[in-house]
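Chain residues, written in single-letter form:
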Amino acid sequence: MKQVNWKKILLPNLPYVFIALFCTKLGQAARLAPGEDFAGKFLHFMEGLSTAFAIPLPSFHPVDLCVGIAIAAAMRLGVYVKGKNAKKFRKNMEYGSARWGTAEDIRPYVDPVFANNIILTQTESLTMNNRPADPKTARNKNVLIIGGSGSGKTRFWLKPNLMQCTSKKYPVSFVVTDPKGGIVNECGKMLLHFGYRLKILNTINFKKSMHFNPFAYIHSEKDILKVVTALIANTKGEGKAGDDFWVKAETLLYTALIGYIHYEAPVEEQNFSTLIEFINAMEVREDDEEFQNPVDMMFAELEKEKPQHFAVRQYKKYKLAAGVVCFRRLLNQSIGKSPKTYTTKKGETAWTQE
């Protein structure tokens with residue numbers, strides 16, 4: 001059961017008890033004033049007041065007590081209503097209250113161990129602890145640095161915070177954009193010394209960059225389709241998309257080739273270099289429809305061993321699409337050899353047979 005804090009209740013109301021006892025003298029003055037009615041007592045109220053205050057002690061007559069309690073209660077009610085409707089004014093702060101912080105202001109936000117902080121300035125820092133002892137001092141760790149070229153963003157903020165890699169209590173990873181290539185040369189050995197693993201992505205000179213092989217993350221047929229979709233989406237170039245027929249044919253070809261590489265090729269050959277070699281080996285001769293390139297032969301051999309192989313099924317669909325292309329070409333040729341009409345002049349038509 002929650003205990004009642006009597007001290008909190010009684011102390012604010014104690015002054016009104018004395019006000020009530022004092023106001024009993026007003027009730028006594030009205031009662032002792034000469035007169036039979038209100039007008040008479042009002043005219044002689046000062047005489048009754050003199051008589052009442054002749055004795056300094058409060059009056060305990062029932063009527064006088066009721067008058068004192070009523071006046072004290074009215075005053076308490078007025079104070080209560082005024083307090084509820086009070087406006088919060090900030091006097092002498094009309095032009096703002098901002099000021100420069102001091103060491104005492106930042107102290108609750110700083111970890112006693114220097115290595116466990118994000119360095120903000122030479123004298124200010126912010127703890128990396130997400131759950132400090134006082135929850136009121138918890139802050140996010142996002143820092144925005146704004147400055148022109150040569151203002152020291154890298155030298156005076158980035159590099160000092162990279163040197164905070166020595167924290168044992170709050171080990172962190174770093175993702176750094178290095179357009180000039182100087183940070184990795186200046187801080188890379190330090191990070192390696194403290195046990196960090198460096199991974200560098202150089203989109204300008206790929207010889208100096210680490211590589212990513214999507215084939216290492218393919219584990220099922222769904223993964224193959226994801227790789228193919230991403231490959232086509234990032235190699236189609238800008239501008240209006242082409243005929244949907246060609247996109248589907250390209251999807252079938254890539255799916256078949258990547259499926260063959262994933263399921264049949266050795267691990268060291270499961271990469272995009274092998275895929276490019278396959279595409280380069282896919283020679284086509286328009287004058288010889290029975291010609292088979294090395295890739296056709298590879299899939300033919302695989303079909304003899306595993307007719308229901310995923311790559312074989314996709315390649316057969318691709319070859320079916322290639323057959324549709326041949327059918328379109330033959331149809332265009334047959335139309336080209338059919339009689340054509342040419343309008344020479346108004347009202348005249350010439351027929352030709354090719």
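Nothing here was measured: the structure is a model prediction, and the numbers come from that model.

**Student:** Sorry, what's going on with the state of the cysteines here?
**Tutor:** Simply put, the disulfide is a covalent bond whose two ends are the sulfur atoms of two cysteines. A full pass over the atoms with the stated rule returns zero disulfides. In this model Cys165 remains outside any disulfide bridge; the closest cysteine sulfur is found in Cys187, 9.0 Å from its own.

**Student:** Help me understand the nonpolar core, please; the structure alone is not making it clear to me.
**Tutor:** Generally speaking, a soluble globular protein has its nonpolar side chains buried in company with each other. Judged by nonpolar contacts, the single largest core of 26 residues is most densely connected at Leu257, Ile258, Met282, Phe299 and Tyr315. At the level of secondary structure, the elements contributing two or more residues to this core comprise α8 (221-233), α9 (244-264), α10 (272-280), α11 (294-305) and α12 (310-336). The leading source of residues in this core is α9, at seven residues. With near-sequence residues (within four places) excluded, Tyr315 lies in contact with Leu253, Ala256, Met282, Asn293, Val295, Asp296 and Phe299.

**Student:** Looking at this structure, how should I read the pattern of salt bridges?
**Tutor:** Side-chain pairs of opposite charge can arise whenever the charged atoms involved come near each other. Tallied over the full model, the rule gives seven salt bridges. When the shortest N-O distance is used, the salt bridge between Arg99 and Asp105 registers 3.0 Å. Here Glu264 and Lys306 are joined by a salt bridge, their closest N and O atoms 3.2 Å apart. With a gap of 42 residues between them, Glu264 in helix α9 and Lys306 in the loop between α11 and α12 connect regions that are remote in the sequence.

**Student:** Honestly, the layout of surface pockets in this entry has me stumped. Any pointers?
**Tutor:** Unfilled space is identified by rolling a water-sized probe across the atoms. The space that makes up the largest pocket amounts to roughly 920 Å³. Taken together, 27 residues make up the lining of the largest pocket; nearest its centre are Val176, Val184, Lys199, Ile200 and Leu201.

**Student:** Which parts of the structure should I look at to understand the packing of α8 against α9?
**Tutor:** Between α8 and α9, the least distance of the axes is 9 Å, while the angle of their chain directions is 130°. As the angle between them shows, α8 and α9 are arranged oblique. With respect to the hand of their crossing, α8 and α9 are arranged in right-handed fashion. Packed against α8, whose contacting residues are Glu221, Ile224, Leu225, Val227, Val228, Leu231 and Ile232, the element α9 presents Val247, Glu250, Thr251, Tyr254, Thr255, Ile258, Gly259, His262 and Tyr263 at the interface. Residues that form the contact of α8 with α9 fall into these classes: 10 nonpolar, four polar and two charged.

**Student:** Can you walk me through the packing of helix α1 (residues 6-32) against helix α3 (residues 45-52) in this structure?
**Tutor:** Geometrically, a packed helix pair is captured by the angle between its two axes and the distance between the axes. Between α1 and α3, whose axes approach to 7 Å, the crossing angle comes to 120°. With respect to their mutual orientation, α1 and α3 come out oblique. Here α1 and α3 pass one another in a crossing that is right-handed. Residues Lys25, Leu26, Gln28, Ala29, Ala30 and Leu32 of α1 lie in contact with α3, whose contacting residues are Phe45, Gly48, Leu49, Thr51 and Ala52. Class assignment of the residues belonging to the contact of α1 with α3 gives a composition of seven nonpolar, three polar and one charged.

**Student:** What's the story with a negative patch on the surface in this structure? I'm lost.
**Tutor:** Residues Glu286, Asp287, Asp288, Glu289 and Glu290 make up a contiguous surface patch of negative charge. Structurally, Glu289 can be placed in the loop between α10 and α11. Overall, the relative accessible area of 56% leaves Glu289 in the exposed class.

Calculation rules
- Residues numbered from 1 in each chain as written.
- Predicted model: local features only at pLDDT ≥ 70, side-chain atom pairs only at ≥ 80, totals over all residues.
- Heavy atoms only, no water.
- Disulfide = S-S within 2.5 Å.
- Core = buried A, V, L, I, M, F, W, Y, C linked by side-chain atoms within 4.5 Å.
- Buried < 20%, exposed > 50% of the residue type's maximum accessible area, 1.4 Å probe, protein only.
- Helix = DSSP H or I, 4+ residues; strand = E, 2+ residues; numbered from the N terminus.
- Contact = heavy atoms within 4.5 Å.
- Salt bridge = Lys/Arg side-chain N within 4 Å of Asp/Glu carboxyl O.
- 1 Å grid on protein atoms, 1.4 Å probe; cavity = no way out; pocket = protein on both sides within 12 Å on 5 of 7 lines; lining within 4 Å.
- Points joined across faces, edges and corners; volume = space filled by probe spheres on them.
- Axes fitted to C-alpha atoms, helices over the stretch in contact; angles between N-to-C directions.
- Parallel < 35°, antiparallel > 145°, perpendicular 65-115°, else oblique.
- Left-handed = near helix turned anticlockwise from the far one by under 90°.
- Nonpolar A, V, L, I, M, F, W, Y, C, P; charged D, E, K, R; others polar.
- Patch = residues over 30% accessible without salt bridge, like charges linked within 9 Å, V, L, I, M, F, W, Y side chains within 5 Å.
- Areas by Shrake-Rupley, 256 points an atom, 1.4 Å probe, with all protein chains shown as cover.
- Lys, Arg positive; Asp, Glu negative; His and termini not counted.
- Charge placed at Lys NZ, Arg CZ, Asp CG, Glu CD.

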